[in-house]
Amino acid sequence: MRYIHDHLISTIGSHKVSRLCLLDLSAALDTIDHNILITRLSSWFGIHGSVLSWFKSYLSSRSFRAKCNNNLSSFHTSSYGVPQGSVLGPLLFVMYTTPLNTLISSLSLDHHLYADDTQLFFSFHPRNFDSSVSLLQNALQHISYRMTANLFTLKNQLAKIHT
């Protein structure tokens, strides 16, 4: 967060306006597709052989059940999600979302990703207001499409922005 703060303060001195867009993913750690994650570990990070087999074993056959009052459901197996509270959970999430980081960088936006929170920000001269809003809208469409393709859902906290 300090990086964003410093960036925004420096743009004020340059007589620029900044836009900050906060994205919050809904149940992000629960929606990670194991098959996509395993493919990504191999193709993006070069993990193969016994190490990749270990990750497959770690993720496969994970079961859960729910408790309501004193009643327990039967066990269900899931091919989604990483164990929350585990040491590997956050690391696997970051590795899963690496293509999103690459996409945002390609859209000429500064950003900060922290777990399931993403901050997009950029600065511009006030005379470029209309084009900057178009840039942000275009970027959000690309990001939303990529998030949907990776089974993520953005929390819809603000339906309309008035300027």
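Residues numbered from 1 in each chain as written. Predicted model: local features only at pLDDT ≥ 70, side-chain atom pairs only at ≥ 80, totals over all residues. Heavy atoms only, no water.

Participant: Sorry, what's going on with the overall build of the chain here?
Facilitator: Scanning the chain for helices and strands turns up 6 helices and 7 strands. Each helix (α) and strand (β) of the chain, taken in turn from the N terminus, gives the series α-β-α-α-β-β-β-β-α-α-β-β-α. Taken over the C-alpha trace, the chain has a radius of gyration of 19 Å; the compact-globule value for 163 residues is 15 Å, which it surpasses by more than 25%. Once the C-alpha set of the chain is aligned to its principal axes, its extents read approximately 60 × 45 × 25 Å. Counting all 163 residues of the chain, 34% fall into the buried class. Here the analysis covers contacts within the chain between residues at least 6 apart in sequence; of these, 69% occur between residues at least 24 apart. Of the roughly 10500 Å² of accessible surface on the chain, 55% is carried by carbon and sulfur atoms. (Helix = DSSP H or I, 4+ residues; strand = E, 2+ residues; numbered from the N terminus. Rg over C-alpha atoms; globule rule 2.2 N^0.38 Å. Buried < 20%, exposed > 50% of the residue type's maximum accessible area, 1.4 Å probe, protein only. Contact = heavy atoms within 4.5 Å. Areas by Shrake-Rupley, 256 points an atom, 1.4 Å probe, with all protein chains shown as cover.)

Participant: It is not clear to me how empty space enclosed by the protein should be interpreted in this structure. Could you clarify?
Facilitator: A probe matching the size of a water molecule, rolled over the atoms, marks out where space remains unfilled. Enumeration according to the criterion identifies 2 cavities of 30 Å³ or more in this entry. Space inside the largest cavity adds up to approximately 60 Å³. Those elements that place two or more of their residues in the lining of the largest cavity are helix H5 (98–106) and helix H6 (129–149). Partitioning the lining of the largest cavity into residue classes produces 5 nonpolar, 2 polar and 2 charged. (1 Å grid on protein atoms, 1.4 Å probe; cavity = no way out; pocket = protein on both sides within 12 Å on 5 of 7 lines; lining within 4 Å. Points joined across faces, edges and corners; volume = space filled by probe spheres on them. Nonpolar A, V, L, I, M, F, W, Y, C, P; charged D, E, K, R; others polar.)

Participant: Looking at this model, I keep getting lost on helix H3 (residues 49–59). Mind explaining?
Facilitator: For an α-helix, the turn length of 3.6 residues means that residues three or four places apart are oriented alike. Listing the buried residues of H3 in full gives Leu52, Phe55, Tyr58 and Leu59. Summarising the axial view, the buried residues of H3 lie within an arc of 115 degrees, below the 170-degree limit, and thus occupy one face. Exposed and facing more than 90 degrees away from the buried side of H3 are Ser50 and Ser57. Taken together, the buried residues of H3 touch helix H2 (34–43), strand S2 (62–64) and helix H4 (88–96). (Arc of directions from axis to C-beta.)

Participant: Looking at this model, I keep getting lost on H2. Mind explaining?
Facilitator: The complete set of buried residues in H2 reads His34, Leu37, Ile38, Arg40, Leu41 and Ser42. Residues of H2 that are buried sit in contact with H3, strand S5 (76–78), H4 and H5. Where H2 begins, the side chain of Asp33 points an oxygen toward the backbone nitrogen of Asn35, at a separation of 2.8 Å. (Polar contact = N/O pair within 3.5 Å; in protein donor to acceptor, adjacent residues only side chain to side chain.)

Participant: Would you take a moment to explain the nonpolar core for this structure?
Facilitator: Most often, soluble globular proteins keep nonpolar side chains buried together rather than apart. Judged by nonpolar contacts, the single largest core of 32 residues is most densely connected at Leu37, Leu41, Leu92 and Ile143. Those elements giving two or more residues to this core turn out to be strand S1 (17–24), H2, H3, H4, H5, strand S7 (117–124) and H6. Looking at this core element by element, the count peaks at 5 residues for H4. (Core = buried A, V, L, I, M, F, W, Y, C linked by side-chain atoms within 4.5 Å.)

Participant: Quick question: what am I supposed to make of the packing of H2 against H4 here?
Facilitator: It is at 9 Å that the axes of H2 and H4 come closest, and there the two elements cross at 75 degrees. Comparing the axis directions of H2 and H4 gives the class roughly perpendicular. Contacts from Ile36, Leu37, Arg40 and Leu41 in H2 reach Leu92, Met95 and Tyr96 in H4. (Axes fitted to C-alpha atoms, helices over the stretch in contact; angles between N-to-C directions. Parallel < 35°, antiparallel > 145°, perpendicular 65-115°, else oblique.)

Participant: What is the right way to look at the sheet that holds S1 in this model?
Facilitator: Strands belonging to one sheet form pairs held by backbone hydrogen bonds; the direction of such a pair is parallel or antiparallel. Strand order in this open sheet of 3 strands is S1-S7-S6, and the pairing throughout is antiparallel. For this open sheet the edge positions go to S1 and strand S6 (110–114), each flanked by a neighbour on one side alone. Taken over all neighbouring pairs, the strand axes of this sheet differ in orientation by 15 degrees on average, direction set aside. Sheet analysis places S6 next to S7, joined by 5 bridges and oriented antiparallel. In the sheet register, Tyr114 faces S7, and the bridge partner there is Asp117. Sheet strands touched by helix H1 (residues 2–13): S1, S6 and S7. Its angle to S7, the strand with the most contacts, is close to 15 degrees. On the sheet, H5 packs against S6 and S7 and is oriented at approximately 165 degrees with respect to S6. (Pairing = 2+ DSSP bridges.)

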